[in-house]
Amino acid sequence: MSELYVEDPLAFWCNNYGLSGAEVVFLGVPFDGTSSGRSGSREAPNSIRAMSYSLETYSASARRDLKELKMADYGNVIVSPGDTGESLRRIKAAVADIREKFPVVVGGEHIITLPVVQALLRRHPKLQVLHFDAHLDLKEDYVGNRYSHVTVMRRLAEILGHKMIVHAGARSFSQEEHEFARKNDVLKPVANLAEFRFKGPVYITLDMDVFDPAFAPGVSTPAPAGMLPQEFFSLIESIHDGMEVIGFDVVEVCPPNDTGNVTSLLAAKAIKEMLLAFKH
Ligand SMILES: [Mn+2]
């Protein structure tokens, strides 16, 4: 491909490294089969790809440029509509393909985090998860379904252990979930997160509804009184030092409910800033 005159219109930031030459690999997961709220997050990977073109590759806060990273876009997982089990199996297999590279997984809805972490556990058996979300996603089941975007952290906690997951930004949950999180001391106020020291490998899952709906209206289940984008980016800056982040995902963007693609744009910005903060 000529570097001067053409670019791939459907790859994050027009990257041109193949899978074997890359250190960072993007993977889209257009799955929204268990969304309890507004459906449509299957459209998010391509929408966020498109909005990534609106952003500069340089970050003033990180003082780094995305061009310093060798990135590849692995494309979208071919999911099986209506079959959550088969879809999760395929997501896990696709992440296993990425091997030792740094995965950036773009959903889709939140249940996709389960197979991603399962695949990463093979290399990082003591993986911790930092969970940004308006919700706790700790429900035992949702209308009888144990594999739902509102149960994903409960399923992950059963695999990892409850103490291995830290929840930040949560403000919308059931009494049962709240008591469960408090009993296990895993719900951290965002203001205290900078003092919380992670030891060992960490995976970050960013549900875009952690942001206030004024800034991220295009999500499946919006919750008022959320984080400001500036708060999130300052937090990333303040916690990145010494943190061993081995990958992350961004989930729950719902383009049919977005306004002017601003939520996809904010998601692209979050991907960029997290990459430049955490991938060295
Ligand atoms: Mn959520």
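Just above, that's the structure.
Here the residue index of a chain counts from 1 through its sequence in written order. Totals for whole chains, interfaces and linings use every residue, but because this is a predicted model, local features are given only for residues with pLDDT of at least 70 and side-chain atom pairs only at 80 or more, for both listing and counting. As a rule here, side-chain values come from all non-hydrogen atoms in the structure, and water together with hydrogens is ignored.

K.L.:
Explanation requested: the overall build of the protein in the structure shown.
P.N.:
Counting its regular elements, the protein contains seven helices and 10 strands. We take the radius of gyration over the C-alpha atoms and set the globule estimate at 2.2 Å times the residue count to the 0.38 power. Relative to the globule expectation of 19 Å for 280 residues, the C-alpha radius of gyration of the protein, 17 Å, shows essentially globular dimensions. C-alpha extents for the protein along the principal axes are approximately 55 × 40 × 40 Å. Throughout this description, buried means an accessible area under 20% of the type-specific maximum (1.4 Å probe, protein chains only), exposed means over 50%, and partly exposed covers the range between. Looking at the protein residue by residue over its 280 residues, the buried ones come to 56%. We call two residues in contact when some of their heavy atoms are within 4.5 Å. Sequence separation of at least 24 residues holds for 77% of the intrachain contacts in the protein that already meet a minimum separation of 6. For the accessible areas, the method is Shrake-Rupley and the probe is 1.4 Å, while residue cover comes only from the protein chains on display. Here the protein displays about 12,000 Å² of accessible surface, and carbon together with sulfur accounts for 51% of that area. The charged-residue count follows a simple rule in which Lys and Arg add positive charge and Asp and Glu add negative charge, with His and chain termini not counted at all. Every charge is mapped to an atom, namely NZ of Lys, CZ of Arg, CG of Asp or CD of Glu. Positive and negative side-chain charges of the protein, numbering 29 and 36 respectively, have mean locations separated by a distance of 6 Å. A run of H or I in DSSP becomes a helix once it reaches four residues, and a run of E becomes a strand once it reaches two; helices and strands are each numbered from the N terminus.

K.L.:
Looking at this structure, I do not really get the coordination of the manganese ion. What am I missing?
P.N.:
Six octahedral donors at a metal ideally form angles of 90 or 180 degrees, and four tetrahedral donors ideally form angles of 109.5 degrees. Note that water is not among the atoms used; donors are N, O and S atoms within 2.8 Å of the metal (3.2 Å for Na, K and Ca), so sites may look incomplete. For the manganese ion, the full set of protein donor atoms is Asp133 (OD), His135 (ND1), Asp207 (OD), Asp209 (OD) and Asp209 (OD), at a range of 2.2 to 2.8 Å. Sequence spacing of the donors to the manganese ion: D-x1-H-x71-D-x1-D. In this structure, Asp207 and Asp209 share a single accessibility class: buried.

K.L.:
Help me understand the packing of aromatic side chains in this model?
P.N.:
Centre distance and the angle of the planes are the two values used to describe a pair of aromatic rings. Within 6.5 Å between ring centres, the rings of Phe, Tyr and Trp (the latter by its six-membered ring) count as paired, and their orientation is classed by plane angle as stacked under 30 degrees, edge-to-face over 60, tilted in between. The full count for this structure, using the stated rule, is seven aromatic pairs. Here Phe132 and Phe232 contribute two aromatic rings whose centre-to-centre distance is 5.1 Å and whose plane-to-plane angle is 80 degrees, an arrangement assigned as edge-to-face. Of the two residues, Phe132 sits in strand 6 (residues 128-132) while Phe232 sits in helix 6 (residues 229-239), which places them 100 residues apart along the sequence. The exposure class assigned to Phe132 is buried, which follows from its relative accessible area of 0%. Residue Phe232 is classed as buried on the basis of its relative accessible area of 0%. Members of the aromatic cluster, connected to one another through ring pairs, are Phe132, Phe211, Phe232 and Phe233. Two conditions define a charge located above a ring, namely a distance within 6 Å from the ring centre to NZ of Lys or CZ of Arg, and an angle within 35 degrees of the ring normal. Stacked on the ring of Phe180, the Lys or Arg Arg154 has its end atom at 4.4 Å from the ring centre. Sitting over the ring of Phe233, Lys269 keeps its end group 5.3 Å from the ring centre.

K.L.:
Looking at this structure, I do not really get the pattern of salt bridges. What am I missing?
P.N.:
Two side chains bearing opposite charge may form a pair once their charged atoms approach each other closely. Between Lys or Arg on one side and Asp or Glu on the other, a salt bridge is scored when a side-chain nitrogen of the former is within 4 Å of a carboxyl oxygen of the latter. Applying the stated criterion to the full structure yields 13 salt bridges. The partner of Glu86 in a salt bridge is Arg89, and the shortest N-O contact between them spans 3.0 Å. Here the residue Glu86 and the residue Arg89 both occupy positions in helix 2 (residues 84-98), the gap between them amounting to three residues, near one helical turn. The salt bridge involving Glu140 is made with Arg154; its shortest N-O contact spans 3.5 Å. Residue Glu140 is located in the loop between strand 6 and helix 4 (152-160), and its partner Arg154 is located in helix 4; the two are separated by 14 residues in the primary sequence. On the accessibility criterion, Glu140 (28% relative accessible area) is partly exposed. Salt bridges here are not isolated pairs; linked through shared partners, they connect Glu140, Arg146, Arg154, Arg155, Glu158 and Glu176.

K.L.:
How should I be thinking about the environment of Ile271 in this particular structure?
P.N.:
You can see Ile271 is positioned in helix 7 (residues 262-278). Along the chain, Ile271 and Ser52 lie 219 residues apart, while their C-alpha atoms are 9.1 Å from each other. Apart from the residues within four sequence positions on either side, Ile271 is in contact with Phe12, Trp13, Phe26, Ile48, Val104, Val106, Phe248 and Val250.

K.L.:
How do you make sense of the sheet that holds strand 4 (residues 71-76) when you look at a structure like this?
P.N.:
Pairing between the strands of a sheet comes from backbone hydrogen bonds, and it takes one of two forms, parallel or antiparallel. Judged by pairing direction, the sheet is parallel, and its eight strands sit side by side in the order 4-1-5-10-9-6-7-8 without closing on themselves. Two strands bound the open sheet, and with one partner strand each, they are strand 4 and strand 8 (187-188). When DSSP finds two or more bridges between two strands, those strands count as paired. Bridge count for strand 6 against strand 9 (residues 201-207) is five bridges, and the pairing is parallel. For His131, the partnering residue across the bridge sits in strand 9 and is Thr205. Its contacts with the sheet place helix 1 (residues 44-52) against strand 1 (24-29), strand 4 and strand 5 (102-107), and it is angled at close to 145 degrees to strand 4. Every angle, taken between N-to-C directions, lies between 0 and 180 degrees, and every axis is a line fitted to C-alpha atoms, over only the stretch in contact when it is a helix.

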